[in-house]
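Spelled out from the first residue to the last, the chains are:
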Amino acid sequence: MAAFEVFTEVRRAVAADPMNLVTRTEYGWNLFDTRQFRRVIEEANWVLERDPSFAEAYELLGVSFWHLGDHESANESWHRFEELIGRPAWYLEAAERGYEQDGVKG
């Protein structure tokens, strides 16, 4: 299936069930693929307003903020994503320490 067809099918799925968080997140990934990062952030925030523990929405925020140059917000979003998917505390602490010490390079 071509990318355009996938995008069209996901939009249809959202239209059919606009409250489905999984479908809305997939729509966010489609927007990301078309480099519509601000719209991705809007979509991810819409999902998080309905379920603040929906991990993949934080991943969407992270990659979108990164591409917009907001590395601090990207780091915060990724950190929350990692917490929600159950990364161990030592991993989160090491990632945070690396970012604090080396910024974006870390």
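Keep in mind it's a predicted model, so treat the numbers as computed, not measured.

A. Inspection of the pattern of salt bridges at higher detail. If you walk through the whole model with that rule in mind, you get five salt bridges. Of the charged contacts in the structure, one is a salt bridge between Arg-12 and Glu-9, with a shortest N-O distance of 2.6 Å. You can see Arg-12 and its partner Glu-9 sitting in helix α1 (residues 3–16), three residues apart, about one turn around the helix. Looking at Arg-12, the relative accessible area reads 53%, which means it is exposed. The closest approach of N and O atoms between Glu-49 and Arg-50, which form a salt bridge, is 3.3 Å.

B. Quick peek at the packing of helix α2 (residues 21–33) against helix α4 (residues 55–67). Where α2 meets α4, the axes come as close as 10 Å, and the angle between the chain directions of the two elements is 15°. In terms of axis orientation, α2 runs roughly parallel to α4. Considering how the two elements wind past one another, α2 and α4 form a crossing that is left-handed. Of the residues in α4, those touching α2 at Thr-25, Gly-28, Trp-29 and Phe-32 are Glu-56, Glu-59, Leu-60, Val-63, Ser-64 and His-67. A class-by-class count of the residues in the contact of α2 with α4 yields four nonpolar, four polar and two charged.

C. Expanded view of α2. For α2, which comprises 13 residues, the first-to-last C-alpha distance of 18 Å matches the rise-based estimate of 18 Å (1.5 Å per residue) to within 8%. Among the 13 residues in α2, ten count as buried, and that is most of the element. Along α2, the positions that sit buried rather than exposed are Leu-21, Thr-23, Arg-24, Thr-25, Tyr-27, Gly-28, Trp-29, Asn-30, Leu-31 and Phe-32. For α2, the side-chain oxygen to backbone nitrogen distance between the N-cap and Val-22 is 2.9 Å, and the N-cap itself is Asn-20.

So, how was this worked out
- Residues numbered from 1 in each chain as written.
- Predicted model: local features only at pLDDT ≥ 70, side-chain atom pairs only at ≥ 80, totals over all residues.
- Heavy atoms only, no water.
- Salt bridge = Lys/Arg side-chain N within 4 Å of Asp/Glu carboxyl O.
- Helix = DSSP H or I, 4+ residues; strand = E, 2+ residues; numbered from the N terminus.
- Buried < 20%, exposed > 50% of the residue type's maximum accessible area, 1.4 Å probe, protein only.
- Axes fitted to C-alpha atoms, helices over the stretch in contact; angles between N-to-C directions.
- Parallel < 35°, antiparallel > 145°, perpendicular 65-115°, else oblique.
- Left-handed = near helix turned anticlockwise from the far one by under 90°.
- Contact = heavy atoms within 4.5 Å.
- Nonpolar A, V, L, I, M, F, W, Y, C, P; charged D, E, K, R; others polar.
- Expected span 1.5 Å × (residues − 1).
- Polar contact = N/O pair within 3.5 Å; in protein donor to acceptor, adjacent residues only side chain to side chain.

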